[in-house]
Amino acid sequence: MSTSKQCPSEDNSISKVSAASKSCDVVDNSSFLKTMNSVDRSVENNKGDGLNDPEMIDKSLMEPKIGMVFYSEDQAYNFYNSYAKRKGFSVRKDHLSRRKDGSIRYRHYLCSNEGTRQEHRTHVAKKARSIERTNCLARIEFKVSNDNVWVVNKFIDEHNHPLASPHNSHMLRSHRKKLPVQHGGGTNSDDFGAKPIQLHKSQLQEAQCTEVAGFTLKDQVNFLNTRRMRDFENGDAQFLLDFLKAKQSDDPSFFYAIQLDEMERLTNCFWADAQSIIDYAYFGDAVTFDTTYHISMNDIPFAPFIGTNHHKQIVILGAALLLDETVESYVWLFRSFLAAMSGRQPKTIFTDQCAAISKAISMVLPETCHRLCLWHILYFARVHLPNACSHGPNLHEFENFIYDIQSEDDFDKEWDRLVSLYGLGSSSWLKLLHADREKWALAYLRNSFCSIMTAKQWQGKMDNLFKIYFHRKLPVTKFILQYLKALVQLRDNEILEDYESALTKPVLLVDVPMLIEAADSYTRVMYLDFEQEYRGQLACLCEPIGTDGTVYTFRVCVAQKLSNGLVDFNPSDATVRCSCKKFESMGILCMHALKVLNNNNILHLPSQYLLKRWTKYAKDGATSNGYQSMDDSGGTRSLTLLYNHVCRKAITVAVKSTVSKDALDILEQGLDKFIKEMENVLLNAPSTRQI
């Protein structure tokens, strides 16, 4: 039975690592810590907006006004471009008038949304690009004297389009610089693709993406009463501890937990930074726990917790290294994960087919729906069924069976056919898979929210993640570099999609209220999914088949296809429920439901079917309050759980405020006020601390 205790001091916790780790001379840990501690200073040194001219410092934060004077074209442009970045729009150079001697007389700079898109005379695009130009009239015009004195002659500040938020403004064209992952970082001289110095560069990049100030979450140290199954290579345990401690030193909200074996050696560890914790608060409804990738020659499983954001992109919610894969270790890991996430359980978790994981989930996550990952099943089908799934056509047939069968009866018939066709009746792996069919067959999964984790595209996303960053068995030091690279790249991708979704508009299939509302609310990629369903309903046939009080039932089908659905519709509140359960499992309405809504003259998208987690505003406002309730016999909420919940909210506010000095000032002033009120409460109220 595992026991837990408060994390010891830094010196004591390091002393619990094996002697072999202490004697490591491969990694210069002092240099590592020194570099990690200099991250914030390096980030500050790299910040700037291009206004380096001392004469411009006083003007750099001013609003443009008619009559303002500048003494070069660079000064004039940089001033307006800096103002545009603060405001949230991009600048485009426009009208230029010169004198006979070639000197500039007039110069105009416009908002990049000026004008309208011109249709090409002959070329018709296969796929229309998003609309960026909105005929915006915002501009600044300069009149230039013979002495090269630039004077603001005209200024219009009114925009007719959404402006970029502070954390997206660097993605605007006139403010765009190379993303961190686009710089250097070559791997030509290292077969593993990682040098020690690159770890520090990658750490700097991650700090630029997730530099936060938050509240401390307690470390945890647990003991495992069995011998671990594997061992770290010489020095890796010490390196990993130094990495985790340095991360927490730079980011007080960074959470990590370690587990020791009976000989007090590092056996398992879990970590999650502030951004991962915040991402889980918004997108922790469906989680994949993956243990298929192994690092180092000792086959140490790297076990990330993976979710999907509002752009259907991968987000890493936490990570673990496991030297022991027993039930006790997984129980410890899931409890550590819940501790980092304020006790909030996911709605659904996808894992490999493993008895130890399954038992641990039933013990620690009783409210979570446990499913088997289809990506894993297809991967292991090649291993366990080489004759049936090694060839392209056969594998394609098995893949279609997994993803396309919609009903339980069709599942049973097709299963029997495939087993008989390829002579698989004696496969023990297949028998076990069939016994667990309710955990993975789509015909049984429709009542649990799965995001896109049961779609074919999820297999491609997971393949790309591991092929790009974790394609070999790396030693721990070089694995950490690849992990940080992946984290930075994934978060940069999200920032780019946030920008594209906020500041561009899709070309609509047809101008109808439902599509207009969907385009205004959904992210770009989710709107395309919704439009595909809307397009599909145009080809559907719909017939009423019965009524039950105020509920009408319709059969919706596509001619010559198996895509059928039975839809219940209540006109009193515009609710629809389809037998295909697409909304319940993926969060968007299916073509069957949309057909019934259109046939009943429901032209607007009912608000209850616009899931916030798929919208441009998914991360606006406070995080969900869905943390686990833990009441004692007296009915008082656990102070520890409430403390974790408050910490998460505080971290979220702090992270969001880092993009704006004004926001940080407001937050600090508010905290000062709250601290005074809190101290008055503590002075005048008796303690309610729970033991």
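So, here's what we can say about the structure. (Residues numbered from 1 in each chain as written. Predicted model: local features only at pLDDT ≥ 70, side-chain atom pairs only at ≥ 80, totals over all residues. Heavy atoms only, no water.)

1. So, the overall build of the chain
(1) Moving on: Each helix and strand counted, the chain has 23 helices and 19 strands in total.
(2) Moving on: For the chain, the residues scored as buried account for 50% of the 691 residues in total.
(3) Moving on: Expressed as a percentage of contacts within the chain between residues at least 6 apart in sequence, the contacts between residues at least 24 apart total 66%.
(4) Moving on: A total accessible area of about 34200 Å² is found for the chain, and carbon and sulfur atoms account for 51% of it. (Helix = DSSP H or I, 4+ residues; strand = E, 2+ residues; numbered from the N terminus. Buried < 20%, exposed > 50% of the residue type's maximum accessible area, 1.4 Å probe, protein only. Contact = heavy atoms within 4.5 Å. Areas by Shrake-Rupley, 256 points an atom, 1.4 Å probe, with all protein chains shown as cover.)

2. A word on the pattern of salt bridges
(1) Moving on: Per the counting criterion, the structure on display carries 16 salt bridges.
(2) Moving on: A salt bridge links K87 to D157; its shortest N-O distance comes to 3.4 Å. Here D157 lies in the loop between β6 (150–156) and α6 (196–210) and K87 lies in helix α5 (residues 73–87), a separation of 70 residues in the sequence.
(3) Moving on: For D157, a relative accessible area of 26% gives the class partly exposed.
(4) Moving on: Across the salt bridge formed by E397 and R417, the nearest N and O atoms sit 2.5 Å from each other. Separated by 20 residues along the polypeptide, E397 in helix α13 (residues 392–404) and R417 in helix α14 (residues 408–422) bring together distant segments of the chain.
(5) Moving on: Residues participating in the shared-partner salt-bridge network are D279, E494 and K619. (Salt bridge = Lys/Arg side-chain N within 4 Å of Asp/Glu carboxyl O.)

3. Topic: the sheet that holds strand β18 (residues 565–570)
Strands in a sheet are paired, the pairing made by backbone hydrogen bonds, and the direction either parallel or antiparallel.
(1) Moving on: Sheet architecture is open: four strands sit in the order β16-β17-β18-β19, paired in antiparallel fashion. A strand with exactly one partner marks an edge of an open sheet, and here the two such strands are β16 (540–548) and β19 (575–578). Going across the sheet, the axis of each strand differs from the next one's by a mean of 25 degrees, ignoring polarity.
(2) Moving on: Against the sheet, helix α21 (residues 591–599) makes contact with β16, β17 (551–558), β18 and β19, and its axis sits at roughly 40 degrees relative to β18, the strand it touches most. (Pairing = 2+ DSSP bridges. Axes fitted to C-alpha atoms, helices over the stretch in contact; angles between N-to-C directions.)

4. Overview of the sheet that holds strand β2 (residues 69–70)
(1) Moving on: Pairing is antiparallel in the open sheet, where five strands are placed in the order β2-β6-β5-β4-β3. Only two strands of the sheet have a single neighbouring strand rather than two, namely β2 and β3 (91–98).
(2) Moving on: Here strand β4 (residues 104–111) pairs with strand β5 (residues 139–144) via five bridges, running antiparallel. For L110, the partnering residue across the bridge sits in β5 and is R139.

5. Structural notes on helix α18 (residues 513–521)
(1) Moving on: Residues of α18 that are buried include every one of M514, L515, A518, A519 and S521, and no others.
(2) Moving on: Check the buried side of α18 and you find it contacts α19 (524–537) and α21.

6. Side note on the nonpolar core
(1) Moving on: Formed by 79 residues in total, the largest nonpolar core has its most connected members in W271, F479 and Y483.
(2) Moving on: No other element matches the eight residues that helix α17 (residues 476–503) contributes to this core.
(3) Moving on: Excluding its chain neighbours within four sequence positions, the residues that come into contact with Y483 are W271, F302, I316, A319 and F470.
(4) Moving on: Grouped together as the second largest cluster of nonpolar side chains are 31 residues, L322, Y330, I349 and A356 included. (Core = buried A, V, L, I, M, F, W, Y, C linked by side-chain atoms within 4.5 Å.)

7. Quick notes on the packing of α14 against helix α15 (residues 428–435)
(1) Moving on: Running from N to C, α14 and α15 cross one another at 180 degrees; their axes reach a closest spacing of 13 Å. Relative to α15, α14 is oriented roughly antiparallel. Mapping the contact onto sequence places F411, W415 and V419 in α14 and L430, L433 and H434 in α15.
(2) Moving on: By residue class, the composition of the contact of α14 with α15 is five nonpolar, one polar and no charged. (Parallel < 35°, antiparallel > 145°, perpendicular 65-115°, else oblique. Nonpolar A, V, L, I, M, F, W, Y, C, P; charged D, E, K, R; others polar.)

8. A few points about the pairing of β3
(1) Moving on: The pairing of β3 with β4 spans six bridges and is antiparallel. Bridge pairing in β4 places K93 opposite Y109.
(2) Moving on: With antiparallel pairing between neighbouring strands as the criterion, β3 and β4 make up a hairpin whose turn holds five residues, including G102 at a positive phi of roughly 95 degrees.

9. Considerations on a negative patch on the surface
(1) Moving on: Judged by side-chain charge, E408, D409, D410, D412, D416 and E438 come together as a negatively charged surface patch.
(2) Moving on: Along the chain, the position of D416 falls in helix α14.
(3) Moving on: Its relative accessible area of 51% is what places D416 among the exposed residues. (Patch = residues over 30% accessible without salt bridge, like charges linked within 9 Å, V, L, I, M, F, W, Y side chains within 5 Å. Lys, Arg positive; Asp, Glu negative; His and termini not counted. Charge placed at Lys NZ, Arg CZ, Asp CG, Glu CD.)

10. A closer look at the packing of aromatic side chains
(1) Moving on: Taken as a whole, this structure holds 37 aromatic pairs when the rule is applied.
(2) Moving on: Plain terms: the ring middles of Y80 and Y83 are 6.1 Å apart, the flat faces sit at 25 degrees to each other, and that makes the pair stacked. Placement of both Y80 and Y83 in helix α5 is noted, with a separation of three residues, approximately one turn of the helix. This pair shows no difference in class: Y80 is buried, exactly as Y83 is. (Phe/Tyr/Trp six-rings, centres within 6.5 Å; stacked < 30°, edge-to-face > 60°.)

11. Focus on the environment of Q532
(1) Moving on: Mapped onto the fold, Q532 is located in helix α19.
(2) Moving on: C-alpha of Q532 to C-alpha of M591: the two residues are 59 residues apart in sequence and 8.3 Å apart in space.

12. A look at the pairing of strand β12 (residues 300–308)
(1) Moving on: When you tally the buried positions in β12, you get nine out of nine residues, the bulk of the element.
(2) Moving on: Burial of β12 is two-sided: the residues I300, F302, P304, I306 and T308 facing one way and the residues P301, A303, F305 and G307 facing the other way are all buried.
(3) Moving on: In this sheet, β12 lies alongside strand β10 (residues 286–289) in antiparallel orientation, the contact comprising two bridges. The partner of F289 across the bridge, within β12, is F305.
(4) Moving on: Alignment of strand β11 (residues 293–295) against β12, held across three bridges, turns out to be antiparallel. Looking at β12, one finds that H294 is bridged to P301.
(5) Moving on: Across seven bridges, the pairing between β12 and strand β13 (residues 314–322) is antiparallel. Within the sheet, the bridge partner assigned to G307 lies in β13 and is V315.
(6) Moving on: Here β12 folds back onto β13, and the loop between the two strands holds five residues, one of which, K312, carries a positive phi near 65 degrees.

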